[in-house]
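Here is how the chains run, residue by residue.
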Amino acid sequence: MKKNPPIRFVKSQILNGIVNHNVDLMELELAGKISQSEFLAQSFPANAIQTIDNAIANSIELFNSKESSNEN
């Protein structure tokens, strides 16, 4: 039986992916391989983490509300 990872683990992996992506882009820009406008177009916005965090919290709340209504 497969277990699902804790949400905390999933969030940390998403955060790591975003940070690594943006750092890789920053290194490409500093090396002159992409322009600043390409960096800005391809990088995650500064509030990406908060947006994803809110979406996860909302999905948990929605799931739990549907589960509790199914129990009644």
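Residues numbered from 1 in each chain as written. Predicted model: local features only at pLDDT ≥ 70, side-chain atom pairs only at ≥ 80, totals over all residues. Heavy atoms only, no water.

Draft legend 1. The pattern of salt bridges, seen in detail. One pass over the structure, following the stated rule, counts one salt bridge. One salt bridge in this structure joins K11 and D53, with 2.9 Å as the shortest N-O distance. Placement of K11 in helix α1 (residues 7-30) and of D53 in helix α3 (residues 48-71) is noted, with a sequence separation of 42 residues between them. (Salt bridge = Lys/Arg side-chain N within 4 Å of Asp/Glu carboxyl O. Helix = DSSP H or I, 4+ residues; strand = E, 2+ residues; numbered from the N terminus.)

Draft legend 2. Representation of α1 in the model. Here α1 spans 35 Å end to end across 24 residues, near enough to the 34 Å set by a 1.5 Å rise per residue. Check the buried side of α1 and you find it contacts α2 (36-42) and α3. G32 lies just past α1 and shows a positive phi near 80°. (Expected span 1.5 Å × (residues − 1). Contact = heavy atoms within 4.5 Å.)

Draft legend 3. The arrangement of the side chain of N22 in detail. Looking at where N22 falls in the secondary structure, it is placed in helix α1. By relative accessible area, N22 is classed as buried at 17%. For N22, the contacting residues outside a window of four places in its chain are F39, S43 and F44. (Buried < 20%, exposed > 50% of the residue type's maximum accessible area, 1.4 Å probe, protein only.)

Draft legend 4. A nonpolar patch on the surface, seen in detail. On the surface, a cluster of nonpolar side chains totalling about 270 Å² of accessible area is made up of L15, V19, V23 and I49. Within the fold, I49 resides in helix α3. (Patch = residues over 30% accessible without salt bridge, like charges linked within 9 Å, V, L, I, M, F, W, Y side chains within 5 Å. Areas by Shrake-Rupley, 256 points an atom, 1.4 Å probe, with all protein chains shown as cover.)

Draft legend 5. Expanded view of the environment of D24. As for its position among the elements, D24 is in helix α1. Spatially, the C-alpha atoms of D24 and K11 are 20 Å apart, while their sequence positions differ by 13 residues.

Draft legend 6. Representation of the side chain of S43 in the model. For S43, the position within the fold is in the loop between α2 and α3. Residues contacting S43, with those up to four places away along its chain left out, are H21, N22 and L25.

Draft legend 7. Inspection of the confidence of the model for the protein chain at higher detail. For the protein chain, per-residue confidence averages 93 on the pLDDT scale, and residues scoring 70 or more make up 99% of the total. The secondary-structure element of the protein chain with the lowest mean pLDDT is α3, recorded at 89, while α2 shows the highest, at 97. (pLDDT = per-residue confidence, 0-100.)

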